[in-house]
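Overview (structure and organization)
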Amino acid sequence: SRHVNHFKSDFDVMIIDEASKTTFQEFLVPAIHANRWIIVGDTMQLSPYANTEDVSVVVKNMFEKYDQKILNMLAPKKQNWNQDIGYRLKLEYEQAIVTKNNPLDSKYVKQIERRAPAGYKDLMLKTARSILSVAFPSIMELLLHGNICEPDSSHTKSIFVGGIPSGLIERRRVLLKYQFRMHPDIAEFAKDCFYEGQALNSMQNFENKRKLDYGLFEKRLCWIKVPHILNDEENHEEIDQIFLQLEHFHELDLKKEKNKKWEIGILSFYSNQNMAIQERLSEVTKYSGMEITNGTVDSFQGKEFDIVLVSFSKSNPTQFLNSPNRLNVAITRARYLCILVGNPELLSLAKKRYGENSPLGQLDKIEKYDGMAGYDDLFKNGRLAAEAKKFEVATGWLDRALDKRPGDPDALYRKGLLLVERGLHAEALRCFDSCPKKDGRTLHGKGAILAKLGYHRRAISYYDRALEINPDAANVQTSKDASLADLKKHGREWCKRGDLHKMEAAGPDPTLLLHGRLTSAAMDGKKAMAWCERALGANPDDASALYDKGCLLAWDEIRAGSFATPPGAGYAASPDDSREDALACFDRVLDLAPRDLHAQHNRGALLVMLDRHEEALACFEKVLEAEPDDRPALFCKGYVLDRLGRGGDAVKHFDRVLETLPSHPDVLAKKGHALAWLGRYEEALGCFERLRMAHPDKPLHRLHMTIMLVEMDRIREAIECIGDES
């Protein structure tokens, strides 16, 4: 300006920082008071007035300046008309930065033109041009590139319109090539994606200054996949993922140097999402050790945080999200870790719409992980917490994993072991009881907790079943040997007067059910029933107490879940009235826990005792529906089928059991009887021969063989078989 010489230069040098956010007007006032300028800024970050709210105010002020009448015509047409126009102007300018095209020729300006009342189109275009030329460009952009909104601006003599000539700019510009904020993983991506490899280099071994033992991600810049179909500015699925990450970080309880708090930034591209996050944060007070700040990406320029979480909200790529400046600001705020949260479909759609090298499309190169709400990550968190000896935290993660995959044997097994470590034996037993898959690990875990409670005989039965599945499991054999040694050393009285006495001395507590189980282990049924009643008095809907009460009512010795003789044979049966009461207990258990296979199995056994075979058959079928290879249920179903006159089907079920237990005496005997009733004497004889060979000390098997030989008119062989036992 020819009037500049009228001002006195008060300073030799003016240094202006964040010049990419400084308009020409903001720059001009201090600039005229200095002889030399040092302008520091980054044109790959957001321009001035990037917030839609700010631009909408400028739009309204411009129309008030030109013609008050147009305000009266626009307001009734659309309530937030100025925000509508401001939003399109901002998108247009951001697109022009990428394409280097004159924004006045684009679709967004044409949309604005169509919104003008009749007779005011020229005024609308004039206003749009003024705002695009004055309100959006920063002083840094004007000096480096000229005003992209002014046609043929390169021919003007003013550097504020045409920019500094290219030959001169190279002598006056210094590129800062190194950064001292971000972990190299973050800086390298931004360097290649936004700066063409010319900036954001990291010093050697800089990653050592950004150590973070987070554990979930190998890279410090990562994408959490949250598949959704929403295209809304408020997305609670992504918010859930963000708060799961916060909870995980809180529970890790990592210490920062000098006991400072971790600075966490939660960025949103949309103000509606930011307000929803703010509302959720207002409800949470437990995140000690963290200082959490939330805001929109556009408001976070110039700020930095230790950890940044970025929510994209939408599934549909837009020019707003595809802005390289906006994405650059979002990613480069983090010192240690940057987590992007969004739908991965957003990235593939962006590549189709804007091209493979579009800013948003390039985010597809970032390593992706499933959301923490997925089973695998929840289970992994539980394992990591357990390894860190944080058993209560680990139990919480496994509970969430089980919410995703109910009845999962891996999670139930680990949770049971954690509960044992925490001394919560009753809950550990319930956990193992509720596991639908009777694999070796679960059986071993259940045996271990029973042994710890002094219930060694039943523990050994579980170890035996675990060894049937995996005979080479050394840890199971070791546990079994330890229980056998304890039984040999202390005997039954140790269970009865040792641990039980100590448990009783502790007084009433949440482990009432365990007292009952211990007393039943010591063959004291009345005392066990008293403990069950006390447990039910405290909680009438305690499924485990109801289950044990049902067992005690039905049999003098609990044998639930064991591979015993057929229902009704070998049990110390109770009177019919007690059986009916027991049946009512199991019915109530199944109302509370329909997936309880032990209760379903024992209900079937009771129904067999009551000669209600059709109902019993339905119970065993439900067990097999959940666990097709459950051997006790296969055996019991075969037994019931035989009683119903369906011997052929019974034999098929016995054969399935014999595939894994080829010499089991009860199964071979029942199969032999079923074959005999079908008149298949040769096959029946084969079963009893296998019995005799496997168990030569039991003369009853020779008696079965003798009967078969007599039926087949093979009298001489029958006489030789029965020998001295005639």
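Given the structure is predicted, the values throughout are model-derived calculations rather than measurements. (Residues numbered from 1 in each chain as written. Predicted model: local features only at pLDDT ≥ 70, side-chain atom pairs only at ≥ 80, totals over all residues. Heavy atoms only, no water.)

**Some words on the overall build of the protein**
This is how it is decided: Strands are runs of DSSP state E lasting at least 2 residues, helices are runs of H or I lasting at least 4, and numbering of each runs from the N terminus. Burial here depends on accessible area, computed with a 1.4 Å probe over protein chains only, as a share of the maximum for the residue type. Under 20% is buried, over 50% is exposed, and the range in between is partly exposed. Contacts: residue pairs with any heavy atoms within 4.5 Å of one another. Using a 1.4 Å probe, the Shrake-Rupley method yields the accessible areas, and only the shown protein chains count as cover for residues.
Along the backbone of the protein there are 34 helices and 10 strands. Expressed as a percentage of the 726 residues in the protein, the buried residues total 52%. Sequence separation of 24 or more characterises 64% of the internal contacts of the protein that already satisfy a separation of 6 or more. Total accessible area on the protein is roughly 35,400 Å²; 49% of this is exposed by carbon and sulfur atoms.

**Regarding the packing of helix α25 (residues 543-554) against helix α27 (residues 597-609)**
Put simply, the rule is: Working convention: axes come from line fits to C-alpha atoms, limited for helices to the stretch in contact. Angles between N-to-C directions cover 0 to 180 degrees. What sets the label is the angle itself: under 35 degrees gives roughly parallel, over 145 gives roughly antiparallel, 65 to 115 gives roughly perpendicular, and the rest give oblique. Left-handed is the label given to a crossing in which the near helix is rotated counterclockwise from the far helix by less than a right angle, and right-handed is the label when the rotation is clockwise.
Axis separation between α25 and α27 bottoms out at 11 Å; the angle between their running directions is 25 degrees. The orientation of α25 relative to α27 falls into the category roughly parallel. Crossing geometry of α25 relative to α27 is assigned as left-handed. The segment α25 lies against α27, with Y547, C551 and A554 engaging H598, A599, N602 and L606.

**Overview of the packing of aromatic side chains**
Just so we agree on the cut-off: Between the rings of Phe, Tyr and Trp (Trp by its six-membered ring), a pair exists once the centres lie within 6.5 Å; its type follows the angle of the planes, with under 30 degrees stacked, over 60 edge-to-face, and the other angles tilted. Comment: the charge-over-ring label is applied if NZ (Lys) or CZ (Arg) is within 6 Å of the ring centre and within 35 degrees of the ring normal.
One pass over the structure, following the stated rule, counts 10 aromatic pairs. Consider the rings of F189 and F194, whose centres lie 6.4 Å apart with planes at 85 degrees: the pair is edge-to-face. Residue F189 shares its accessibility class with F194, and that shared class is buried. Taken together, the ring pairs connect W223, F269 and F312 into an aromatic cluster. Against the face of Y336 rests R210, its NZ or CZ located 5.2 Å from the ring centre. Sitting over the ring of F243, R280 keeps its end group 4.9 Å from the ring centre.

**Topic: the packing of helix α28 (residues 613-626) against helix α29 (residues 631-643)**
Rule in force here: Under the scheme applied here, ten amino acids are nonpolar (Ala, Val, Leu, Ile, Met, Phe, Trp, Tyr, Cys and Pro), four are charged (Asp, Glu, Lys and Arg), and all others, including Gly, are polar.
It is the contact of α28 with α29, at a shortest axis distance of 9 Å, that shows an interaxial angle of 155 degrees. By the angle class used here, α28 and α29 are roughly antiparallel. α29 is crossed by α28, and the crossing has left-handed handedness. Residues H613, A616, L617, F620, E621, V623 and L624 of α28 form the contact with α29, whose own contacting residues are A633, L634, C636, K637, V640, L641 and R643. Residue composition of the contact of α28 with α29, by class: 10 nonpolar, one polar and three charged.

**Things to note about the nonpolar core**
Across soluble globular proteins, nonpolar side chains have a tendency to be buried as a group. Using the following cut-off: Buried residues of nine kinds, namely Ala, Val, Leu, Ile, Met, Phe, Trp, Tyr and Cys, make up a nonpolar core once their side-chain atoms join them within 4.5 Å.
L606 and V640 are the most contacted members of the largest nonpolar core, which has 57 residues in total. Core analysis: the second largest hydrophobic core is formed by 39 residues, F194, F305, F320 and I366 among them.

**Digging into the sheet that holds strand β5 (residues 221-225)**
Test applied: Pairing between two strands is assigned when DSSP locates at least 2 bridges connecting them.
Spatially, six strands are ordered β7-β6-β8-β9-β5-β10 in an open sheet, and the strand pairing comes out parallel. Sheet topology places β7 (290-296) and β10 (368-370) at the edges, where each strand pairs with a single neighbour. If you compare each strand with its neighbour and ignore which way they point, the axes differ by 25 degrees on average. Across five bridges, β5 lies against strand β9 (residues 334-342) in parallel orientation. Residue K225 lies in a different strand from β9, and its bridge partner there is G342. Across the sheet, helix α13 (residues 324-331) touches β5, β6 (262-268), β8 (305-311) and β9, and the angle it forms with β9 is around 125 degrees.

**Here's the deal with the pattern of salt bridges**
Applied cut-off: Basic side-chain nitrogens of Lys or Arg form a salt bridge, by our definition, when they fall within 4 Å of a carboxyl oxygen of Asp or Glu.
Within this structure, the stated rule accounts for 25 salt bridges. Between D655 and K671 there is a salt bridge whose closest N-O contact spans 2.6 Å. Of this pair, D655 sits in helix α30 (residues 647-658) while K671 is found in helix α31 (residues 665-677), placing the two residues 16 residues apart along the sequence. Here K671 falls in the buried class, since its relative accessible area comes to 12%. Overlapping salt bridges bring together R181, K256, E263, E304, D306 and R335 as one network.

**A short note on a nonpolar patch on the surface**
Cut-off, in case you're wondering: Every patch collects residues that have over 30% relative accessible area and no salt bridge, joining them within 9 Å if they carry like charges and within 5 Å if they are nonpolar side chains (Val, Leu, Ile, Met, Phe, Trp, Tyr).
Taken together, the side chains of V13, I15, I38, V40, V174 and L176 define a hydrophobic patch exposed on the protein surface, amounting to about 570 Å² of accessible area. Relative to the helices and strands, I38 resides in strand β2 (residues 34-39).

**Brief notes about a negative patch on the surface**
The criterion, for reference: Neither His nor the chain termini are counted; the positive set is Lys and Arg, and the negative set is Asp and Glu. Here the site of a charge means atom NZ of a Lys, CZ of an Arg, CG of an Asp or CD of a Glu.
A cluster of acidic side chains, namely D232, E234, E279 and E283, defines a negative patch on the protein surface. Mapping D232 onto the fold places it in the loop between β5 and α11 (236-252). The class for D232 is partly exposed, based on a relative accessible area of 41%.

All we've got here are geometric facts, nothing functional implied.
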